[in-house]
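Coordinates in review
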Amino acid sequence: MVSRVIPVEPFDLVIFGGTGDLARRKILPGLFRRFVAGQMPREARVVGAARSELDVGAFQAMAREAVEEEVPRRDGAELDAFIERLGYVQIDATGEQGWSELAFRMREGVVRAFYFSVAPGLFGALAERLHGHGVAGPDARIVVEKPFGRDLASARALNATLAEHFSEGQIYRIDHYLGKETVQNLMAVRFGNMLFEPLWNAQYVDHIQITVAETVGVAGRGAYYDQAGAMRDMVQNHLMQLLCLIAMEPPARFEPDAVRDEKLKVIRSLDPVEPYHIVRGQYDRSEECPSYRADVDGLRSRTESFAALKVHISNWRWAGTPFYLRTGKRLKARTSEIAVVFKDAPHSIFGVEGGRHRNVLSIRLQPNEGMTLHVTIKEPGPGGMRLVDVPLDMSFAEALGPEAEDIPDAYERLIMDVIRGNQTLFMRGDEVEAAWAWTDPLIAGWEARGDVPKPYEQGSAGPEDAAVLMYREGRKWREIKA
Ligand SMILES: NC(=O)c1ccc[n+]([C@@H]2O[C@H](COP(=O)([O-])OP(=O)(O)OC[C@H]3O[C@@H](n4cnc5c(N)ncnc54)[C@H](OP(=O)(O)O)[C@@H]3O)[C@@H](O)[C@H]2O)c1
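Overview of the structure. (Residues numbered from 1 in each chain as written. Predicted model: local features only at pLDDT ≥ 70, side-chain atom pairs only at ≥ 80, totals over all residues. Heavy atoms only, no water.)

**Looking at the overall build of the chain**
When helices and strands are tallied, the chain shows 14 helices and 15 strands. Since a compact globule built from 482 residues should have a radius of gyration of about 23 Å, the 24 Å found for the chain is in line with a globular shape. For the chain, the spread of C-alpha atoms along the three principal axes comes to 80 × 55 × 45 Å. Within the chain, buried positions represent 53% of all 482 residues. The long-range share in the chain, meaning contacts at least 24 apart out of those at least 6 apart in sequence, stands at 76%. Put simply, the chain shows about 21,500 Å² of open surface, and 52% of that area lies on carbon and sulfur atoms. In the chain, 59 positive and 69 negative side-chain charges are present, and the distance between their average locations comes to 3 Å. (Helix = DSSP H or I, 4+ residues; strand = E, 2+ residues; numbered from the N terminus. Rg over C-alpha atoms; globule rule 2.2 N^0.38 Å. Buried < 20%, exposed > 50% of the residue type's maximum accessible area, 1.4 Å probe, protein only. Contact = heavy atoms within 4.5 Å. Areas by Shrake-Rupley, 256 points an atom, 1.4 Å probe, with all protein chains shown as cover. Lys, Arg positive; Asp, Glu negative; His and termini not counted. Charge placed at Lys NZ, Arg CZ, Asp CG, Glu CD.)

Given below as structure tokens:
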């Protein structure tokens, strides 16, 4: 029922930054899983590229260790067969070393893809050399990791640099949230069913909540994170993409530009956010863990590790319906959820005793991917009409059984989409720029005001002010729970 695997065309995939954290934790293990699933053809080749002086054996040993760590259940022979397909080139993105060898390694007649899994400062240099050394022709694809710029000006500059060497159809800007099964299911639920779409508007929806909560802090990535903060690191990309998918108009077809045109319209319809509709927070120290400021080694840091916002979309479908976005680190549980909270029934025939009941459609991205529709029924038993809300629960694991384990993770799916040449789940340059154009004034606003993030307890749901953002309008955040 789940895995109808369609093998992709033979390919050469070069991972710049092949020795880095992302390659070891996500890209290489993901490729191995696709190899086992039969999607990565036997003729495919993967080449790691970085400055480290490694021979191919040492790179293969590193890759083997990485896969063993991330894929506990595996077949030794299959792992051997996968590892044989890995090569390595020592290369410097900013120099001339290694480029002729890389050009020599590329085969004719196969898809060529280049994954930029290096610091963003190297994206431009890589694009330039790939083109300059004739390694990437007009059919090649490049995969660009986040962050894509840190504001509109830098995103524009990066788009312009990439555009000097590659057409938009060759550029795959990754937002791994878009590769999650449930995120795509969101489109299936909205546009594959008659049930929801007629209700999917301001007339029937009271508000929508999007929460991406993490339990980890920023230790280890402090230097990067303190320059970014929750707004740049999470809201501008992941939460914004989720907002687009939940709010967009039905595209005419499930095709890359049709979908991305509709997402872009949502971003362009976002109102500026009032300062009192933004709550920023920073986690305090706990008994076990240091504070945010200690983690980033910045005692005066004003960067937020938590952000909550109330957002409005000015279009016919959503005028008047608020969208509440919230994300943070060191929160109570690791969970990502979108909740569509419907309005009260216009008139309750059960009177006040019936209480207030609202349908909520909750879409869980992680953990336990699935959906729950909360419906109101009569509480069983005699003694009058008391109403109770019960969940119609669909977890992928339960609905699909053991096969749910074979669902590819986000990176696996997205890499295969690159090879297939399908850009639907990747951000287009104008989308990224529009997202920054909306984000920049919010950041500039709190910087100009000198706002200091509110401290919050580790293991909580964020600062109290975030709860107040909802309470003052008679609404409530959904509980953050795993
Ligand atoms: N790690 C994650 O979970 C994650 C999540 C989302 C996005 N990202 C993004 O993914 C990218 C990679 O992140 P990462 O965590 O894997 O970084 P990382 O662990 O620091 O790895 C960086 C890689 O780049 C290579 N490198 C550095 N300078 C180079 C140069 N001049 N020429 C060629 N290779 C060079 C490094 O190898 P050598 O030192 O041997 O050259 C290493 O393989 C970044 O853009 C990051 O923002 C990462």
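**Some details on helix α6 (residues 152-165)**
Compared with an ideal rise of 1.5 Å per residue, which puts 14 residues at 20 Å, α6 spans 21 Å between its outermost C-alpha atoms and is within 8% of the ideal. In this structure, the buried residues of α6 make contact with α5 (123-132), β5 (141-144), β6 (171-173) and α13 (429-449). (Expected span 1.5 Å × (residues − 1).)

**Here we look at the site of the ligand**
Taken together, 20 residues lie near the ligand, and Thr19, Asp21, Arg25, Ser52 and Val118 sit nearest. A distance of 2.8 Å separates an oxygen atom of the ligand from a polar atom in the backbone of Leu22. The side chain of Arg25 places a nitrogen or oxygen atom 2.6 Å from an oxygen atom of the ligand. Expressed as a share of its isolated accessible area of 890 Å², the protein-covered part of the ligand is 74%. When residues of the shell around the ligand are assigned to their parent elements, the largest contribution, three residues, is made by helix α1 (residues 21-36). Classifying every residue of the shell around the ligand gives eight nonpolar, six polar and six charged. (Near = heavy atom within 4 Å. Polar contact = N/O pair within 3.5 Å; in protein donor to acceptor, adjacent residues only side chain to side chain. Nonpolar A, V, L, I, M, F, W, Y, C, P; charged D, E, K, R; others polar.)

**Overview of the pattern of salt bridges**
Under the criterion given, the structure shown has 38 salt bridges. For Arg105, the salt bridge identified is with Glu101, shortest N-O distance 2.9 Å. Within this pair, Arg105 and its partner Glu101 are both found in helix α4 (residues 99-105), separated by four residues, close to a single helical turn. In this structure, Asp344 engages Arg358 in a salt bridge whose closest nitrogen and oxygen atoms are separated by 2.8 Å. Of this pair, Asp344 sits in the loop between β11 (335-342) and β12 (360-366) while Arg358 sits in the loop between β11 and β12, placing them 14 residues apart in sequence. (Salt bridge = Lys/Arg side-chain N within 4 Å of Asp/Glu carboxyl O.)

**Focus: the packing of aromatic side chains**
Counted by the stated rule, this structure contains 15 aromatic pairs. Taking the centre distance of 6.3 Å and the plane angle of 20° together, the rings of Phe16 and Phe114 count as stacked. Note that Phe16 is positioned in strand β1 (residues 11-16) and Phe114 in strand β4 (residues 111-116), a separation of 98 residues in sequence. For Phe114, a relative accessible area of 0% puts it in the buried group. For the ring pair Tyr225 and Tyr292, a centre distance of 6.1 Å and an interplane angle of 70° mean the geometry is edge-to-face. A residue pair is termed long-range when its members are at least 10 positions apart, and Tyr225 in helix α8 (residues 222-247) and Tyr292 in helix α10 (residues 292-295) qualify at 67 residues. With relative accessibility at 1%, the residue Tyr225 sits in the buried group. These aromatic residues form a ring-pair network of at least three members: Phe16, Trp99, Phe114, Phe116 and Phe123. Looking at Lys180, its charged tip hangs above the ring of Tyr177, at a distance of 5.1 Å from the centre. (Phe/Tyr/Trp six-rings, centres within 6.5 Å; stacked < 30°, edge-to-face > 60°. Lys NZ or Arg CZ within 6 Å of the ring centre and 35° of its normal.)

**Concerning the environment of Leu102**
Along the chain, Leu102 falls in helix α4. Along the sequence, Leu102 and Val235 sit 133 residues apart, while their C-alpha atoms lie 37 Å from each other. Residue contacts for Leu102: discarding those within four places in its chain leaves Val14, Phe16, Val47, Val89, Ile91 and Val135.

**A few points about the environment of Leu199**
Here Leu199 lies in the loop between α7 (181-192) and β7 (205-213). Other than its neighbours up to four places away in sequence, Leu199 contacts Tyr204, Val205 and Phe342.

**Considerations on the sheet that holds strand β8 (residues 278-283)**
Strands sit in the order β14-β13-β12-β11-β7-β10-β9-β8-β15 across an open sheet of nine strands; the sheet is mixed. Edge positions in the open sheet fall to β14 (387-395) and β15 (454-456), since each of these has one partner strand only. Looking at each pair of strands side by side, their axes are set apart by 20° on average, direction ignored. Direction of pairing for β8 relative to strand β9 (residues 306-311): antiparallel, over a ladder of four bridges. Looking across to β9, one finds that Arg280 is bridged to Ala307. This element, helix α14 (residues 464-471), spans β7, β8, β9, β10 (323-328) and β15 of the sheet and lies at about 15° to β9. (Pairing = 2+ DSSP bridges. Axes fitted to C-alpha atoms, helices over the stretch in contact; angles between N-to-C directions.)

**Structural notes on α1**
In a regular helix each residue adds 1.5 Å, so 16 residues correspond to 22 Å; α1 covers 22 Å between its end C-alpha atoms and thus fits that length. Along α1, the sharpest kink reaches roughly 30°, centred on Ile27 and followed within four residues by the proline Pro29. One or two residues past the end of α1 sits Gly38, with phi positive at roughly 90°. (Bend = angle between axes of the 7 residues up to and from the residue.)

**Some details on the pairing of β8**
Counting buried residues along β8, six of its six residues qualify, which places the element largely inside the surrounding structure. Alternating residues of β8 divide into Ile278, Arg280 and Gln282 and Val279, Gly281 and Tyr283, and every residue in both groups is buried. Two elements, β8 and β15, share three bridges in a ladder whose sense is parallel. Bridging across to β15, Gly281 finds its partner in Lys454.

**Quick look at the sheet that holds strand β2 (residues 45-50)**
Each strand in a sheet pairs with another by means of backbone hydrogen bonds, the pair being arranged parallel or else antiparallel. With parallel pairing, six strands are arranged side by side in an open sheet as β3-β2-β1-β4-β5-β6. The sheet terminates laterally at β3 (86-90) and β6, the two strands that pair on one side only. Pairs of neighbouring strands in the sheet enclose a mean axial angle of 20°, with direction left out of account. Alignment of β4 against β5, held across four bridges, turns out to be parallel.

**A few points about the nonpolar core**
Membership of the largest hydrophobic core comes to 142 residues, with the highest contact counts inside it found for Phe16, Phe114, Ile246 and Leu309. Looking at this core element by element, the count peaks at 13 residues for α8. What Phe114 contacts, discounting residues up to four positions off in sequence, is Leu13, Val14, Phe16, Met106, Leu130, Val135, Ala136, Ala140, Arg141, Ile142 and Val143. (Core = buried A, V, L, I, M, F, W, Y, C linked by side-chain atoms within 4.5 Å.)

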